[in-house]
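Tertiary structure, described
This is what each chain is made of:
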Amino acid sequence: MKWWKYLAIVLLLYTAIAGLLGHVPRLAILNETERNLYFHVPMWFGMTIILGASVVNSVRYLRNPSPRLDILAHESAKTGILLGVLGLMTGSLWARYTWGTWWTTDVKLNGAAVTMLIYLAYLVLRGAVADEQQRARLSAIYNIFAFSAAIPLLFIMPRIASASLHPGMGGNPGFSKYDLDSAMRLVFYPAVIGWTLLGVWITEVACRLAFVKEKIYTKLDEKQLA
Amino acid sequence: MKNNLLSRAVALLLPLLLLVSTAFAQATAAADQPEMADALRQSGKIYVVVLVIVIILSGLLLYLVRLDRKVSRLEREIEGR
């Protein structure tokens, strides 16, 4: 096993222990739920990084087509979507107990939901094309569109919006207050690295399985031709 | 192999936990401050939750490690043919 997998195990166990027992500032309304920072927020960090890796592999595929690059892009996108769905679910639960509702028409929430729909359409598109090369090419092009749509939806539109409940933009003092807390940073940054590495690990195993599958199928095809 | 993994993990985990242990000590309660899970912590039962999460996380990670090794074995088998 590679070294970064040991690092992922250690960082995740550290996140679970220190994330629950470590010091957090006393804040009204948020109370202990601010510990969600170590679990909800890294989902989005991990998702963005892994979807970025996916689109890089899609561009590489278009420049130089190979089944290997198609698999890398596809499996990365699947892990990214998984992390995004988990981020939406945990965010919704968190909102229920701090904002008092499962969902509001907040620009950040809707942007994240639309992003997930765009990426679900990526999977639908792949499922709809039978020819392997056509599927790889079409979905690589769509992936570029999906990523270019996701970045403004997640990171630009919420920032230029005039009002939002979600932290990380104007009008909410909550985030900056505990964002500055050095004790929380000591858990938050390792948590982001740990959860991202877990996403990369899952993607790596999924890709290797797909490579083996690909190899077996090409061998079977060769046998049939012979 | 197993011992090696464990010792490496502990060696990495301990300094990190020591770093935040200073932060644990700061947890003092005051009546007029926002409500936190002080009672839960005083009765010691937060550790049950920590253990439950650690068990679940360990189980999932162990499953992923085994899956990883199975794929490695499959890769070696395919290479041999």
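Residues numbered from 1 in each chain as written. Chains lettered and ligands numbered in written order. Predicted model: local features only at pLDDT ≥ 70, side-chain atom pairs only at ≥ 80, totals over all residues. Heavy atoms only, no water.

Overview of the UniProt feature "transmembrane region" (unreviewed entry) in chain A
Residue and element names in this part refer to chain A. Put simply, the rule reads: UniProt positions are given in the numbering used here, feature names are shortened, and annotations may be inferred rather than shown by experiment. Counting from the N terminus, the helices are DSSP H or I runs at least four residues long and the strands are E runs at least two residues long.
Following the UniProt record, one finds the feature "transmembrane region" (unreviewed entry) at residues 38–59, 80–97, 109–129, 141–161 and 187–211. Overall, residues 80–97 shows 100% helix and 0% strand. The separation of its end C-alpha atoms is 26 Å. The distance separating the terminal C-alpha atoms of residues 109–129 is 31 Å; by composition the span is 95% helix and 0% strand.

A look at the UniProt feature "transmembrane region" (unreviewed entry) in chain B
Mapped onto the present numbering, the UniProt feature "transmembrane region" (unreviewed entry) falls at residues 46–65 of chain B. Taken end to end, residues 46–65 of chain B is 100% helix and 0% strand, and its two terminal C-alpha atoms sit 28 Å from one another.

Observations regarding a negative patch on the surface
Rule in force here: Like charges are joined within 9 Å and nonpolar side chains (Val, Leu, Ile, Met, Phe, Trp, Tyr) within 5 Å, but only among residues with over 30% relative accessible area and no salt bridge; these make up the patches. A 1.4 Å probe and the Shrake-Rupley method give the accessible areas. Residues count as covered only by the protein chains that appear here. Here, a salt bridge means any side-chain nitrogen of Lys or Arg that lies within 4 Å of a carboxyl oxygen of Asp or Glu. The convention is simple: Lys and Arg are positive, Asp and Glu are negative, and His and the chain ends are not counted. Note on charges: their place is set at NZ of Lys, CZ of Arg, CG of Asp or CD of Glu.
A cluster of like negative charges, contributed by Asp131, Glu132, Asp221 and Glu222 of chain A, occupies part of the molecular surface. Position of Glu222 of chain A among the secondary structure elements: in helix 7 (residues 182–225).

A few points about a positive patch on the surface
Residues and elements named next belong to chain B. Note the threshold: The rule is simple: take the accessible area with a 1.4 Å probe, protein chains only, and divide by the maximum for that residue type; under 20% is buried, over 50% is exposed, in between is partly exposed.
Taken together, Arg66, Lys70, Arg73 and Arg76 make up a surface patch of like positive charges. Relative to the elements of secondary structure, Arg76 occurs in helix 3 (residues 46–80). Residue classification places Arg76 among the exposed residues on the basis of a relative accessible area of 58%.

Comments concerning the interface of chain A and chain B
Filter applied, for reference: In this analysis, two residues are considered to be in contact whenever any of their non-hydrogen atoms come within 4.5 Å of each other. Simply put, the buried area is the total loss of 1.4 Å probe accessible area from both parts when two parts are fitted together.
Chain A puts 40 residues into the contact, and the matching count from chain B is 42 residues. Interface area for chain A against chain B, summed over the two sides, is near 3,800 Å², with a carbon-plus-sulfur share of 75%. Contact with chain B buries surface across chain A, with Tyr6, Leu21 and Arg26 of chain A losing the most and accounting together for 21% of the total. Our count for the chain A to chain B interface comes out at 4 salt bridges. Measuring nitrogen to oxygen at the nearest pair gives 2.7 Å for the salt bridge that ties Lys215 of chain A to Glu79 of chain B. If you list the elements that add at least two residues to the side of chain A that touches chain B, you get helix 1 (3–21) and helix 7 of chain A.

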